[in-house]
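# Topology and contacts: notes
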Amino acid sequence: MTIRNNLSSRAAENLLGSNVMLEGVIKANSDKFDFKANPNGIINLGVAENQLMTAELRNIFSSVDTADPKLFGYGESPSGSTLLRSHFANNVFNQFFKPCDPVTGEQMVLTAGCSATVDNFTFCVCDPGDGILITTPFYGGFNTDIMVKSKAKVIAVHLEGVNPFGLEQIQLMQDAVDNARSEGTRVRAFVLSNPHNPLGRTFTRELIIAFLRFASKNKIHILFDEIYALSVFDYALTGLAKEEQPDSNPFISVLSIPNIEQYCERELVHVAYGMSKDFCLNGFRCGVLLSPWNKELLDAMRSIAVFTWMSSTTEEMLTKLLSDPIIIEKFTKTNQARLAESYTCTVETLREHNIPYLPAQGGHFIWIDLRQFIPSSLVGASQAGERSAEYLVWRAMLKEGVYVNLGEAFSEKLVGFFRLSFSVPVPVLKLGLERMIKACQWASLSDNELGR
């Protein structure tokens, strides 16, 4: 029997829940595939971890002396060095996000990863029990970032067939706010990913403005997670992969909206960014909270930044990478071209096996529909929302040696959807897709012995 009376109530509460996404990540990372060293290991097509630029990164960082004694001590500031913040401002935000007003290093706080950024943001704008609104499906890590330490609530808005890139969702969002408030929950913020995670598409200017107006009407903060801003690749697609794209919209940062105060109080608007996705550095742990018009929030973030202080080595290496605009431009274009190549390989395989998917234009992943592989004995229960069939397919994949992220991890109500990450070298990707198809075909003929 486990005794938990020596824990705080909040720590004990954290032990009661499960983290589906983390379970898969740990299993995949504990048995990583390698063509030579571990050919029977698990190919990771579940985590949004870009492995397409490792050679370029190795070359860029080769001149950094990671054993330099100056890196053994603390860095300049827990909020990030002046120089690194300046590089973020000038060589990333001002160069690629097209802000109406130039961004400066004083308008941001750096943390040890974007999860830490969202966690600290939540701590600074929410009290325990307050709510943060997110439409589904959404990045599953937000549940952890928002709830585990700060003890805020995620208010999931299930769109139930409403277009997640259309204006109709605004009414559902308003209904969710009204319902939460009627139940005594104070709604403090709305969080969204643009480009969308897990759907891999961008929002129109019209919808971004509608989101801003919604935040203003309800007097809540709005946090734009723009961590995939430079991973939009649809312009590089050709052939059928290009033709099947719906009306593709270029990435539009909220920073580029002119006269933003016409739609929302500027102090309510914030951007989260990081180095994990566009720069393929998940393991470096660097996040950014950019809040150009809210000094009070920045000061509050700085007051707790000591808990999410980047290592001196990470800071030194990122300063090297972001110091040269020409290198960044070349790196970004090469990365986008390789993402387009891997994406094309993925959709060709999906089409070959008649697997439905939502065409993606950005990010490292594609949203796929595997409901056809649910065994007939489980179809009725699945349609009613019971998830054992989804776990059957998921565990069959793991058994076959491939990890793909299941829809429950993204708060998707419909059973049988998965997020497939394709940002791995094409030879590995092809083998991973082959294993996925084999596992799905096996699961479709199975009973529920591998179910949840």
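Conventions adopted
- Residues numbered from 1 in each chain as written.
- Predicted model: local features only at pLDDT ≥ 70, side-chain atom pairs only at ≥ 80, totals over all residues.
- Heavy atoms only, no water.
- Pairing = 2+ DSSP bridges.
- Helix = DSSP H or I, 4+ residues; strand = E, 2+ residues; numbered from the N terminus.
- Contact = heavy atoms within 4.5 Å.
- Axes fitted to C-alpha atoms, helices over the stretch in contact; angles between N-to-C directions.
- Core = buried A, V, L, I, M, F, W, Y, C linked by side-chain atoms within 4.5 Å.
- Buried < 20%, exposed > 50% of the residue type's maximum accessible area, 1.4 Å probe, protein only.

This part is about the sheet that holds strand β12 (residues 405-406). Pairing within the open sheet is antiparallel, and its 4 strands lie in the order β9-β10-β13-β12. The sheet is open, and its two borders are formed by β9 (357-358) and β12, each paired with just one other strand. By the bridge criterion, 5 bridges tie strand β10 (residues 365-369) to strand β13 (residues 417-421) in an arrangement that is antiparallel. Bridged to D369 within β13 is F417. Each of β9, β10 and β13 touches helix α12 (residues 325-352); the most contacted strand, β10, lies at about 10° to it.

Pairing is mixed in the open sheet, where 7 strands are placed in the order β2-β8-β7-β6-β5-β3-β4. A single partner strand is all that each edge strand has here, and the edge strands are β2 (108-111) and β4 (153-157). Put simply, the sheet's adjacent strands are angled 25° from each other on average, direction ignored. Examined bridge by bridge, β2 and strand β8 (residues 287-290) share 4 bridges and lie antiparallel to one another. Pairing of M108 across the sheet is with L290, part of β8. Sheet strands touched by helix α5 (residues 114-125): β2, β3 (131-135), β5 (187-193), β6 (221-225), β7 (269-274) and β8. Its angle to β8, the strand with the most contacts, is close to 40°.

With that settled, the discussion passes to the nonpolar core. Within the largest apolar cluster, 128 residues are counted, with the highest numbers of intra-cluster contacts made by F88, F279 and M436. Ranked by the residues each element gives to this core, the list is headed by helix α15 (residues 426-444), at 9 residues. In this structure, F279 is in contact with L57, V92, L230, Y273, L321, L322, I328 and F331, ignoring residues within four places of it in sequence.

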